[in-house]
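Breakdown of the fold
Here is how the chains run, residue by residue.
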Amino acid sequence: MNRIAAFFRALGAPFRALLAPEGRRAWALLLLTGGGVSMTVYAGVVLYLVSEVPKLAFYLGVGALLLVGIVITGFAGLLVKRDIDLNVLGARFRVTDQEAQAIADAVVAKTPPAPPPTPVIVQTGAAPQ
């Protein structure tokens, strides 16, 4: 029985990493890498299959370049620390990764519990006339 429980605990270990910000980044990096590789292979095979039709090959090639651009943009978003600093009409807004994480932690910690359900009162008997 202990071996079965240990087996399921070991299966859940990678998913417990999603609780930490760095674990979420690692999962996102792995999934983005897998998606980029699979879509690149797919684009290469499809371009090979339609290589005799220049118009189709052109449009599929443009689509493949767009997919590669999306993946590279995703890598940049994961691997670079974000720091947004705006100055609009004299008002200054600044957001960093640390501030966003602090706000998220505060929201999670201070979320009030759900209120209990409101009881429904059902009257029985004859209706007043």
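Along each chain, numbering runs from 1 in the same order as the chain's sequence is written. Where local features are concerned, this predicted model is filtered to residues with pLDDT of at least 70; where side-chain atom pairs are given and counted, the filter is 80 or more; whole-chain, interface and lining totals use all residues. Note that water and hydrogens are dropped before the side-chain values are worked out from all heavy atoms of the structure.

- Within an unreviewed UniProt entry, the label attached to the protein reads Phage holin family protein, and the organism entered is Sphingomonas psychrotolerans.

**A closer look at the packing of helix α2 (residues 21-49) against helix α3 (residues 54-79)**
- Here an axis means a line fitted to C-alpha atoms, over the contact stretch when the element is a helix, while the angle between two N-to-C directions is reported on a 0 to 180 degree scale. Note on conventions: DSSP H or I runs of at least 4 residues are helices, E runs of at least 2 residues are strands, and numbering of each starts at the N terminus. Close contact between α2 and α3 brings their axes to 10 Å; oriented N to C, the two are set at 170°. It follows from the interaxial angle that α2 and α3 lie roughly antiparallel. Counted together, R25, A28, L29, L32, T33, G36, M39, T40, A43, V46 and L47 of α2 and A57, L60, G61, A64, L67, V68, V71, G74, F75, L78 and L79 of α3 form the full contact between these two elements.
- Of the residues that constitute the contact of α2 with α3, the class distribution is 16 nonpolar, 5 polar and 1 charged. Any angle that is under 35 degrees is reported as roughly parallel, and any over 145 degrees as roughly antiparallel; angles of 65 to 115 degrees are reported as roughly perpendicular and all others as oblique. Here, residues are in contact when the closest pair of their heavy atoms is within 4.5 Å. Note on residue categories: nonpolar means Ala, Val, Leu, Ile, Met, Phe, Trp, Tyr, Cys or Pro, charged means Asp, Glu, Lys or Arg, and polar means any other residue, Gly included.

**Points about the environment of D83**
- Structurally, D83 can be placed in strand β1 (residues 83-88).
- Only protein chains enter the calculation, and the probe is 1.4 Å; a residue is then buried if its accessible area is under 20% of its type maximum, exposed if over 50%, and partly exposed in between. On the basis of relative accessibility, which here comes to 45%, the residue D83 falls in the partly exposed class.
- Between the C-alpha atoms of D83 and Q98, which are 15 residues apart in sequence, the distance is 9.3 Å.
- Once you skip the residues sitting within four places of it in the chain, D83 turns out to touch R94, V95 and T96.

**As for the packing of aromatic side chains**
- In this analysis, rings of Phe, Tyr and Trp, with Trp reduced to its six-membered ring, are considered paired at centre separations within 6.5 Å, and the interplanar angle assigns stacked below 30 degrees, edge-to-face beyond 60, and tilted for intermediate values. Under the defined criterion, the tally for this structure stands at 1 aromatic pair.
- Residues F58 and Y59 carry aromatic rings whose centres are separated by 5.2 Å and whose planes lie at 70° to one another, so their mutual orientation is edge-to-face. Exposure class is identical for F58 and Y59. Each is exposed.

**Some points on a nonpolar patch on the surface**
- For patch building, the residue pool is restricted to those with more than 30% relative accessible area and no salt bridge; the joining distance is 9 Å between like charges and 5 Å between nonpolar side chains (Val, Leu, Ile, Met, Phe, Trp, Tyr). Only the protein chains shown count as covering a residue, and every accessible area follows the Shrake-Rupley method with a 1.4 Å probe. Salt bridges are defined by distance alone: a side-chain nitrogen of Lys or Arg within 4 Å of a carboxyl oxygen of Asp or Glu. Residues I84, L86, V88, L89, F93 and V95 make up a contiguous nonpolar surface patch of roughly 620 Å² in combined accessible area.
- Sorting the residues of the nonpolar patch by element identifies β1 and β2 (91-96) as the ones contributing at least two each.
- With 3 residues, β1 is the largest single contributor of residues to the nonpolar patch.
- Mapped onto the fold, L89 is located in the loop between β1 and β2.
- Residue classification places L89 among the exposed positions, given a relative accessible area of 88%.

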